[in-house]
Amino acid sequence: MTDTDEASDARATTVPGGSARPAVPPVPAAPRRVGAMLPRDLPVAQVLPFVRRAEELGFEELWVVEDLGFRGGIAQAGAVLAATERITVGLGILPTGARNVAFAAMELATLAHLFPGRLVTGIGHGMPGWMRDVDAWPASPVTLLTEYTTALRALLRGERVATQGRYVTLHDVQIGEVPDVAPPVVLGVRGPRSMAVAGRVADGVLLAEPSPPSYVAAAIEQLGGPVGADGVRREVMAYDVAAVADEPEAAYAVVRPALAWIGEPDWTPHVARLPFAAELAALRERAGSPQAFGAALPSEWLADLALAGTPDQVRAGVAARHDAGATSVVLTPVGEDRLGALETFARVLGT
């Protein structure tokens, strides 16, 4: 559906028998936001300078990650919100198996109450290996995700929730201080069944890297289209590792190590529609290790697998992801100088 299709006549129409349907407002055109990722391993002394600079440079979103063994997502989000004034802060992602949904809702509602309209919450299954390491991987991850998302969104809206599910049970629970603006809840998921859950019970989806345009388009199909049954456009956030240089090969050399894991089975949905998907799988088989695979990735594949290359190539990559339906393209700067990379991206993209 094109923007023109979505902005079609919104006047009341007459149905057979002469009754008139109520006017339906047109769905706004998709936003084309650009965000940045706060690297999980950025030295702690650089964290707040990085996020303040991201805001100064005009990035619209700043995303924090919660990976096992690094930093907590909610704590980071609170620190970033307090250290900035305008930028939207995204949590990507909180694993559903790690927190009771009522206590998670309480934490998120507090942030949304203190910093209205500036929080986006991403939740998901979490990486299976990590979740098994802490004995938090459920027998049915999709069931847990569905129950958890439904309850979390209801609690954040201030509803009193009583539910008896396989994993989520609440006995008449309500959050006392409800934010004026309930934070959107997007699901950080990959598989088609989980994407379908996002389409049914969430505000959208958060796509891990790599997010080539073909993957963005496939995700929107699996969501059930760009617009939900409520007529609201679904959020589609797309992560990608990023590097820019005057010479393409200099940028490619920076991103290759960050792409070492995309040949593993969990990443198959990301690359399945790429014309070189079979060759990529064969390369991983031959390479023997993720690191060797990343080092051997051909340069001609990297325009799809990362936002990397010359300024023109990076601008084209961002535009292609937006054109495919991403409402937000989130750059993950890699290399030794992440703050310097952030500043370069701002100049290249005109944020």
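Residues numbered from 1 in each chain as written. Predicted model: local features only at pLDDT ≥ 70, side-chain atom pairs only at ≥ 80, totals over all residues. Heavy atoms only, no water.

Caption draft 1: Layout of the side chain of Thr-327. By the element assignment, Thr-327 lies in the loop between helix 14 (311-323) and strand 11 (328-333). Taking the relative accessible area as the measure of exposure, Thr-327 reaches 1% and is therefore buried. When near neighbours in sequence (up to four residues on either side) are disregarded, Thr-327 contacts Pro-31, Arg-32, Arg-33, Arg-233, Arg-234, Glu-235, Val-236, Met-237 and His-322. (Helix = DSSP H or I, 4+ residues; strand = E, 2+ residues; numbered from the N terminus. Buried < 20%, exposed > 50% of the residue type's maximum accessible area, 1.4 Å probe, protein only. Contact = heavy atoms within 4.5 Å.)

Caption draft 2: Region of interest: unusual backbone geometry. In this chain, Gly-92 is followed by Ile-93 through a cis amide linkage whose omega measures 5°. Following Glu-209, the chain continues into Pro-210 via a peptide bond in cis, with omega recorded as -5°. Here Pro-210 shows up in the loop between strand 8 (204-207) and helix 8 (213-223). Within the chain, Asp-135 stands out as a residue other than glycine whose phi angle is a positive 55°. For Asp-135, the position within the fold is in the loop between helix 5 (128-133) and helix 6 (141-156). Residue Asp-172 is not a glycine yet carries a positive backbone phi of 60°. Here Asp-172 lies in strand 6 (residues 169-173).

Caption draft 3: Examining a nonpolar patch on the surface more closely. Residues Leu-68, Trp-130 and Val-134 make up a contiguous nonpolar surface patch of roughly 250 Å² in combined accessible area. In this structure, Leu-68 sits in the loop between strand 2 (61-64) and helix 3 (73-83). Residue Leu-68 is classed as partly exposed on the basis of its relative accessible area, which comes to 44%. (Patch = residues over 30% accessible without salt bridge, like charges linked within 9 Å, V, L, I, M, F, W, Y side chains within 5 Å. Areas by Shrake-Rupley, 256 points an atom, 1.4 Å probe, with all protein chains shown as cover. Salt bridge = Lys/Arg side-chain N within 4 Å of Asp/Glu carboxyl O.)

Caption draft 4: Structural view of the packing of aromatic side chains. Taken as a whole and assessed by the stated rule, the structure comprises two aromatic pairs. Relative to Trp-301, the ring of Phe-276 has its centre 4.5 Å away and its plane inclined at 5°; by these criteria the two rings are stacked. Placement of the pair is Phe-276 in the loop between helix 10 (268-271) and helix 11 (277-287) and Trp-301 in the loop between helix 12 (290-296) and helix 13 (302-305), with a sequence separation of 25 residues. The exposure class assigned to Trp-301 is buried, which follows from its relative accessible area of 7%. Over the ring of Trp-267 we find Arg-190; its NZ or CZ atom is 4.4 Å from the centre of that ring. (Phe/Tyr/Trp six-rings, centres within 6.5 Å; stacked < 30°, edge-to-face > 60°. Lys NZ or Arg CZ within 6 Å of the ring centre and 35° of its normal.)

Caption draft 5: Just the packing of helix 6 against helix 7 (residues 192-201), in detail. One way to put it is that helix 6 packs onto helix 7 with a least axis distance of 10 Å and a crossing angle of 20°. Judged by the inter-axis angle, helix 6 sits roughly parallel to helix 7. For the element pair helix 6 and helix 7, the recorded crossing hand is right-handed. Here helix 6 contributes Val-142, Leu-145, Thr-146, Thr-149, Thr-150 and Arg-153 to the contact with helix 7, which in turn contributes Arg-193, Ser-194, Val-197, Arg-200 and Val-201. Among the residues forming the contact of helix 6 with helix 7, the class breakdown is four nonpolar, four polar and three charged. (Axes fitted to C-alpha atoms, helices over the stretch in contact; angles between N-to-C directions. Parallel < 35°, antiparallel > 145°, perpendicular 65-115°, else oblique. Left-handed = near helix turned anticlockwise from the far one by under 90°. Nonpolar A, V, L, I, M, F, W, Y, C, P; charged D, E, K, R; others polar.)

Caption draft 6: Main features of the environment of Ala-29. For Ala-29, the location among the structural elements is in the loop between helix 1 (3-6) and strand 1 (33-37). Separated by 298 residues in sequence, Ala-29 and Thr-327 place their C-alpha atoms 9.7 Å apart.

Caption draft 7: How the structure looks around the environment of Arg-86. Structurally, the position occupied by Arg-86 is in the loop between helix 3 and strand 3 (88-95). The class for Arg-86 is exposed, based on a relative accessible area of 56%. Separated by 31 residues in the primary sequence, Arg-86 and Gly-117 have C-alpha atoms spaced 9.4 Å apart. Arg-86 has contacts with Glu-55 and Arg-118, leaving out every residue within four places of it along the chain.

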